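The residues making up each chain are set out below.
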Amino acid sequence: YERALSDYAEAIRLDPRGWDCHNNRGSVYFRLAEAEAARGLDPQPSYGKALSDFGEAIRLDREDPDPFRNRGSVQGNLGDAQAARGLDPRETYGKALADFGEALRLDPQSVEANNGRGTLYERLGKAEAARGLDPRGSYAKALAGAPVAASVGSMYRETSGALRRRAAREMASV
């Protein structure tokens, strides 16, 4: 990771307006944060640097969906970390959903953004259920997107009535 970060830092020094260099360096910080979390280290500083780089990439080029999608993924992971600590992740998930929504506005056919958004609606539904709120609206939104089969299966077990029937139809089409 260090060599890649060093190379991207040099590329940014040479071309500070190169949005793709900021986006790519943010992706390295994102992967570094995930590796740190897997080793039991605190990933927050690396996630923060990833968010900063994705934000700069967006500032430099608001028409590319990649930095929005990438920032949405970081926000989703931060929300998961909040939920694991017993904190309310709904605001953080909301930021992630906004980023995935913008990525889809820019590229409506993005499989990654559709899948990310569907997964986040599922996570949001679980967070709502954990707080005694009705998760069916979030699950319905997840089903309306492009959820992966495992997510549909999870929602099938946790919802009732019409949503169960719709989840069964979605599973049959995957």
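Residues numbered from 1 in each chain as written. Predicted model: local features only at pLDDT ≥ 70, side-chain atom pairs only at ≥ 80, totals over all residues. Heavy atoms only, no water.

Asks: So what's going on with the environment of Asn115? Residues and values would help.
Replies: Turning to its location among the elements, Asn115 is positioned in helix 6 (residues 111–130). The sequence separation of Asn115 and Phe100 amounts to 15 residues, and the corresponding C-alpha distance is 9.3 Å. (Helix = DSSP H or I, 4+ residues; strand = E, 2+ residues; numbered from the N terminus.)

Asks: Hey, could you go over the packing of aromatic side chains for me, with residue numbers and the actual values?
Replies: Applying the stated criterion across every chain yields a total of one aromatic pair. Ring plane angle 45° and centroid distance 6.1 Å describe the contact between Phe30 and Tyr47, whose orientation is recorded as tilted. On the criterion of sequence distance, the pair formed by Phe30 in helix 2 (residues 19–38) and Tyr47 in helix 3 (residues 44–60) is long-range, its members being 17 residues apart. The same class applies to Phe30 and to Tyr47, which are both buried. (Phe/Tyr/Trp six-rings, centres within 6.5 Å; stacked < 30°, edge-to-face > 60°. Buried < 20%, exposed > 50% of the residue type's maximum accessible area, 1.4 Å probe, protein only.)

Asks: Help me get a handle on the nonpolar core, residues and values and all.
Replies: The biggest cluster of nonpolar side chains holds 15 residues, and the ones touching the most others in it are Phe68, Tyr93, Leu97, Ala113, Leu120, Tyr121 and Leu124. Listing elements by their share of this core, those giving two or more residues are helix 5 (90–106) and helix 6. Tallying contributions element by element places helix 5 first for this core, with seven residues. (Core = buried A, V, L, I, M, F, W, Y, C linked by side-chain atoms within 4.5 Å.)

Asks: Could you give an account of helix 5, with specific residues and numbers?
Replies: In this model, helix 5 (17 residues) spans 24 Å end to end at C-alpha, consistent with the 24 Å of a helix rising 1.5 Å per residue. Every buried residue of helix 5 is listed here: Thr92, Tyr93, Ala96, Leu97, Asp99, Phe100, Glu102, Ala103, Leu104 and Leu106. Looking at the buried side of helix 5, the elements it contacts are helix 4 (65–84) and helix 6. (Expected span 1.5 Å × (residues − 1). Contact = heavy atoms within 4.5 Å.)

Asks: Before we move on, can you summarise the confidence of the model for the protein chain with the specific residues and values?
Replies: For the protein chain, per-residue confidence averages 85 on the pLDDT scale, and residues scoring 70 or more make up 83% of the total. Low pLDDT, under 50, characterises residues 146–161; the stretch is placed with 30 contacts to residues that sit more than four places away or in other chains. (pLDDT = per-residue confidence, 0-100.)

Asks: For the pattern of salt bridges, give the residues involved together with the corresponding values.
Replies: Following the criterion strictly, the structure yields 12 salt bridges and no others. As a salt-bridge pair, Asp66 and Arg69 come within 2.8 Å of each other at their nearest N and O atoms. Taken together, the residues Asp66 and Arg69, both in helix 4 and three residues apart, mark about one turn of the helix. Arg69 gets classed as buried once you look at its relative accessible area, which sits at 17%. Across the pair Asp88 and Arg90 runs a salt bridge, and its minimum N-O distance is 2.6 Å. Under the relative-accessibility criterion, Asp88 is labelled partly exposed at 33%. Judged by its relative accessible area of 31%, Arg90 falls in the partly exposed class. (Salt bridge = Lys/Arg side-chain N within 4 Å of Asp/Glu carboxyl O.)

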